[in-house]
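# Geometric and topological summary
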Amino acid sequence: MIAEKPKKGKLLIAEPTLSGDVSFHRSIVLLAEHNEEGSVGFILNKPLNYTISDLVTEIEVPFQVYNGGPVEQDNLYFIHKVPELVENSIEISDGIYWGGDFNSIVEMINNKVITEDDIRFFLGYSGWSSLQLDAELNSKSWIVVDNVYHCSIIQKSANAFWKEKMLELGGNYLIWSNSPENPNLN
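Before going into details, it helps to say that this report is about the structure given with it. Every value quoted in this text rests on a predicted model; they were computed, and no experiment measured them.

Cut-off values and rules
Sequence order sets the numbering: in each chain, residues are counted from 1 along the sequence as written. Local features are withheld for residues below a pLDDT of 70 in this predicted model, meaning they are given only at 70 or higher, and side-chain atom pairs are given and counted only at 80 or more; totals for whole chains, interfaces and linings count all residues. Side-chain metrics rest on all non-hydrogen atoms present in the structure, leaving aside hydrogens and water. Numbered from the N terminus, helices here are DSSP runs of H or I no shorter than four residues, and strands are runs of E no shorter than two. For every residue, the accessible area obtained with a 1.4 Å probe (protein chains only) is divided by the maximum for its type, and the residue is called buried under 20%, exposed over 50%, and partly exposed between those limits. We call two N or O atoms a polar contact when they sit within 3.5 Å, provided that within protein one can donate a hydrogen and the other can accept it, with sequence-adjacent residues counted only if both atoms are side-chain atoms. Any two residues whose heavy atoms approach within 4.5 Å at even a single point are treated as in contact. For two strands to be treated as a pair, DSSP must find at least two bridges joining them. Within this analysis, the arc is defined by the directions that extend from the helix axis to the C-beta atoms. A side-chain nitrogen of Lys or Arg and a carboxyl oxygen of Asp or Glu constitute a salt bridge if their distance falls within 4 Å.

In this fold, N110 is placed in helix α2 (residues 102-110). Assessed through its relative accessible area of 18%, N110 is described here as buried. One polar contact links the side chain of N110 to the main-chain carbonyl oxygen of E58, over a distance of 2.7 Å. Discounting residues that sit within four places of it in the chain, N110 has contacts with E58, I59, E60 and V61.

As structure tokens, then:
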């Protein structure tokens, strides 16, 4: 039984048993869209070995880039909390926005109007077709929780985020908070 229903702005936490999936093992995904056609989200806790200046040479500041998911990993996406500065942004929820005018973002980053606390970049996204996410929830691959961080989730550290959520969930999840990421290496 699913306790929470998926919805735009909610977080998906990968169940500890989702260990065989390279993309989603120990992932936390922010749902940017969820409707009858499907779902789109971004993995929040998988930093890559790239900075935005590695990928976009016009940007002079080395903001971290994250693996947003296994779909369209050749494309750059971003979420932010400054819609008043970024035209054509789409509100996800609670002060978090997706996309907008990229050319103005480049200029504002270089001019230090937008900081790393305001924006997060992703290569790729996480996507589910119609009812696919519901099927994964029914098979207990994900836990749906509210985004209690609201727009400050952009500043959330990636390193211990999944462990922190296991501790918050408590109960049977507590043991997973201290388990090694790869038990075979233990």
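For the rest of this paragraph, the subject is the pairing of strand β1 (residues 11-14). Of the two faces of β1, the one holding L11 and I13 and the one holding L12 and A14 are both buried throughout. Judged from the 3 bridges that link them, β1 and strand β2 (residues 28-35) form a sheet pairing that is antiparallel. By the bridge assignment, L12 is partnered in β2 with V29. As judged from the 4 bridges shared by β1 and strand β10 (residues 142-145), these two strands associate in the antiparallel manner. Bridging across to β10, I13 finds its partner in I143.

Right, let's talk about helix α4 (residues 161-169) for a bit. Here α4 has its buried residues at F161, W162, K165 and M166. End-on view of α4: buried residues confined to an arc of 140 degrees, all on one side of the axis. On its buried side, α4 packs onto β1, β2, β10 and α5 (174-177). Of the residues one or two after α4, G170 is the one with positive phi, at around 65 degrees.

Inspection of every chain in the model, using the stated rule, returns 5 salt bridges. Residue E33 is joined to K8 by a salt bridge in which the shortest nitrogen-to-oxygen separation is 3.8 Å. One end of the pair, E33, is in strand β2; the other, K8, is in the segment before β1, with 25 residues separating them in the sequence. When the shortest N-O distance is used, the salt bridge between K10 and D146 registers 2.5 Å. Note that K10 is positioned in the segment before β1 and D146 in the loop between β10 and α4, a separation of 136 residues in sequence. Classification of K10 by relative accessible area gives buried; the value is 11%. One network of salt bridges, with partners in common, ties together E4, K10 and D146.

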